[in-house]
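So the chains spell out like this:
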Amino acid sequence: MRPVPTAEPAAQLQQRKRTLPWAGRWLAVLCAVALVAACNETKVQPADPAASGELAPAQSASASLAAAVPAPWLIGADEPRGNAQAGAKLVADFECGRCHTGREIKPIRLESHCISCHQKVMRGGFDHKPEHVRWKENVVHLTATPSLRAVGRRWRYGWLVNFLRKPHDLRPALVQTMPQLALTQQQARDIATFLTGDFPPDPTADAHAAANLAKIDHGAGHTLLNDKGCGSCHEMSGVAPLKGLNAPEPGKHETRPAVILAPDLRFVRDRFRPGQLTNWLKQPHKLKRDTPMPETPMSASELDTIAAYLLYARLEPVKPHVAPKPLPLLSRRVGYAEVAEQVLNVTCRHCHGNPDDAVGDGGPGNTGGFGYRARGVNLTSYKYVAAGYLDAEGARHSLFEKMPDGQPRLIAALWARHAEVSGSPVDGLRGMPLGLPPLKAKEIQLIASWVAQGRPR
Amino acid sequence: MKNRKSSLPRPFIAALALAAAVGVAPKQAEACGGGWYEAPMIDYRIQGVARAEKRLEEGQYAQAASAVIRMIPHIAGYKKATRDPIINRALRVLAVATTRSEGSLDIGKLISKDQHSTWLGDTAEDRQANLRFSVAALRGVKKLKVLSDPTLESELGEALALVPAFSVEGRELLHTLAEKDLLTTPEAYAILAKLRGEAGDADGRTAALQRCRAMAKDAKLCSANASGTHS
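Residues numbered from 1 in each chain as written. Chains lettered and ligands numbered in written order. Predicted model: local features only at pLDDT ≥ 70, side-chain atom pairs only at ≥ 80, totals over all residues. Heavy atoms only, no water.

Grouped together as the largest cluster of nonpolar side chains are 85 residues, with contacts concentrated most on I447(A), W450(A), L94(B), I107(B), L174(B), L183(B) and Y189(B). At 9 residues, the largest contribution of residues to this core is made by helix α4 (residues 85–100) of chain B. Grouped together as the second largest cluster of nonpolar side chains are 27 residues, L224(A), V239(A), L265(A) and L277(A) included. (Core = buried A, V, L, I, M, F, W, Y, C linked by side-chain atoms within 4.5 Å. Buried < 20%, exposed > 50% of the residue type's maximum accessible area, 1.4 Å probe, protein only. Helix = DSSP H or I, 4+ residues; strand = E, 2+ residues; numbered from the N terminus.)

Laid out in structure tokens, this is it:
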């Protein structure tokens, strides 16, 4: 059974919440004070590991269980905690609120919130604009992103730090991936510390839970995943395909939020806190109120079997992304209209917009965003494409100036995205499009041919 | 008598009073002369300016300029760019259209006579006044830009080049942009070709004409005798 998606976008909800009458706010504050007081009375202080003679959590996790269980979920277990206060500021600076919502994420104005705007386009909120039909085609691939609620209850802190630093594709049906941000390791720690502040990590408990699950026979795990309908939304790469996923027709995009947001189950062992996994499978809404993951009736032994399978099933390695070979330049004439229609208007102009059309916001790739400074790249029309970009010192350069290898910068950035996805980012050159799959070789060939022909209109 | 303070905060009382007033008000507001109608505030200038920008892109300068003048009749009164982004966009459209028409807009039949002002450019003085308006408007808009904008600078270079007092500055600006491959319009390349030709720079003129031809929809714009304008 698939839950019905919320009709009202999350950011809109938050906006509405801000407009609660003042009396409601007073009441909320009083309730919160009472609740905090009650919690403080009943809070059990964790035992001091040093006093009890136990190892510190991270040490305990590494030392006692490294031999007993496979390594993946121990990755990052020794990652030092960061500064939550600095993390809160970084979350605002890096504009996590452009795509995500959550208790810890400050609401961003609606016009800048990608998902809310896309949802509005899809449900016809811009019917009065003649271009809205074309907009639908261009935004249908990004109509949902996971909310960042209850992060600490579900995800492992160490994994989160690594993911923030080196994001990768987690959700097969979601075209976008988390964009590569210009974060240092310490900044990633600060953000992860802030986001997991609701439920600080407890590697010892997780290690024991993982060790207990390791003892369970998970032979029936794959069958159970099929029987419980997990394959209706999830994929699990590296094992036999799960049954049940009705993929959209060829050429159409997936629009069901539950499917879009369903992660590849291969990554559960890397991401999830083993101590919370069975709780999650049993009652996901108890851990995360707004998850589209349904509650599926399962016995205790079924829960354990599935959890053990997710953590310990043998996974075949996935094929790494291999960048395609560049295609030869086209001999036929390529005009700007074709380049715009095939690539720029479809992929690029979302982030490289015209600030005059959007109350001064030209998108992250123009007026700045996601922690990136303004680069002044406007890809909305011929004359603006010719206007180049701003370098780190604020000087203007052409997008077509030659790189040391002779490639125009624009083309080099497109190939750099392939390198990023392959796991070997190009130093000093951010791959484009940010957070999207690399362009196909044919699309790059089209742009390269247009540039080589002198960028005819 | 003891002055008793209400336990409810004043805004709460005000909200209650407002709610009560709404509750007792007649369903049909005859006192207001009939029913209540929702009148959304729509700024029609936004679509209007966007259409004028499209006309400008298509080379229909008279249509673009007349649309702006009809929509904002007092636009010539703006001595400099304003805080209203729509006015600034309109100023830019009018300024560029005027430049590319060499200060003589063919809008006699498109706007009413009382709006003609100097726009038709009947005399040399009128044409120069119009071109000076273009320079002032584009300089003003440029000043307000947070990020450098070579597109706007190219347009300013075109306008400067046509006003004798600023032509040297215009040539410098266009030349600098062209050297960085940041000249964004074929019209600007056509003017640069003309200026280079006049300065005896044959190679520079050829290079500018070559870029102009690649960028222009209609190569006539870049003819050997390009004056940098076309109607």
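That was the structure; now back to the text.
Our next topic: the pattern of salt bridges. Tallied over the full model, the rule gives 27 salt bridges over all chains. When the shortest N-O distance is used, the salt bridge between K145(B) and D356(A) registers 3.5 Å. Of the two residues, K145(B) sits in the loop between α5 (124–144) and α6 (150–162) while D356(A) sits in the loop between α18 (336–348) and α19 (382–385), which places them in two different chains. A relative accessible area of 25% means that K145(B) is categorised as partly exposed. (Salt bridge = Lys/Arg side-chain N within 4 Å of Asp/Glu carboxyl O.)

In an α-helix, one turn spans 3.6 residues; hence positions three or four apart end up facing the same way. Residues and elements named next belong to chain A. With 13 residues, helix α20 (residues 409–421) extends 19 Å from end C-alpha to end C-alpha; this agrees with the ideal 18 Å at 1.5 Å per step. For α20, the tally of buried residues reaches 11 of 13 residues, placing the bulk of the element in the interior. Buried within α20 are the following residues: L410, I411, A412, A413, L414, W415, A416, R417, H418, A419 and E420. Looking one or two places after α20, you find G423, whose phi comes out positive at around 95 degrees. (Expected span 1.5 Å × (residues − 1).)

This paragraph deals with the state of the cysteines. This structure, assessed with the given rule, holds 1 disulfide over all chains. Here C212(B) connects covalently by a disulfide to C222(B), the sulfurs 2.0 Å from one another. Linking C212(B) and C222(B), the disulfide has an S-S dihedral of approximately -75 degrees and is accordingly described as left-handed. Of the two residues, C212(B) is situated in helix α9 (residues 202–215) and C222(B) in the segment after α9; the sequence distance between them amounts to 10 residues. The closest cysteine sulfur to the non-disulfide-bonded C117(A) is located on C114(A), 8.3 Å from its own sulfur. In this structure C348(A) is a free cysteine whose sulfur lies 9.1 Å from that of C351(A), the closest cysteine sulfur available. (Disulfide = S-S within 2.5 Å.)

Turning our attention to the confidence of the model for chain A. All names here are of chain A. Residues at a pLDDT of 70 or more form 83% of chain A, whose mean pLDDT is 82. Highest mean pLDDT in chain A belongs to helix α21 (residues 441–452) (97); lowest belongs to helix α3 (residues 49–52) (34). With pLDDT under 50 throughout, residues 1–24 is counted as low confidence; its partners more than four residues away or in other chains account for 38 contacts. Taken together, the stretch residues 27–71 has pLDDT below 50 and engages in 29 contacts with residues farther than four places along the chain or on a different chain. (pLDDT = per-residue confidence, 0-100. Contact = heavy atoms within 4.5 Å.)

If you check which residues of helix α6 (residues 114–122) of chain A are buried, you get I115(A), S116(A), H118(A) and V121(A). In the stretch just after α6(A), G124(A) is the one whose phi turns positive, near 85 degrees.

A word on the interface of chain B and chain A. Bring the parts together and some accessible area is lost; that lost area is often taken as the interface size. The partner chain A presents 24 residues to the 22 residues of chain B that form the contact. The largest contributions to the chain B side of the interface with chain A come from E57(B), L147(B) and L182(B), which together make up 22% of the buried area. Across the contact surface, chain B and chain A share 4 salt bridges. Taken together, the links from chain B to chain A amount to 9 residue pairs in polar contact (both at pLDDT 80 or more). Contributions of two or more residues to the side of chain B that touches chain A are made by α1 (10–24), α4, α6 and α9 of chain B. In terms of residue class, the side of chain B that touches chain A is made up of 10 nonpolar, 3 polar and 9 charged. (Buried area = accessible area lost by both parts, 1.4 Å probe. Polar contact = N/O pair within 3.5 Å; in protein donor to acceptor, adjacent residues only side chain to side chain. Nonpolar A, V, L, I, M, F, W, Y, C, P; charged D, E, K, R; others polar.)

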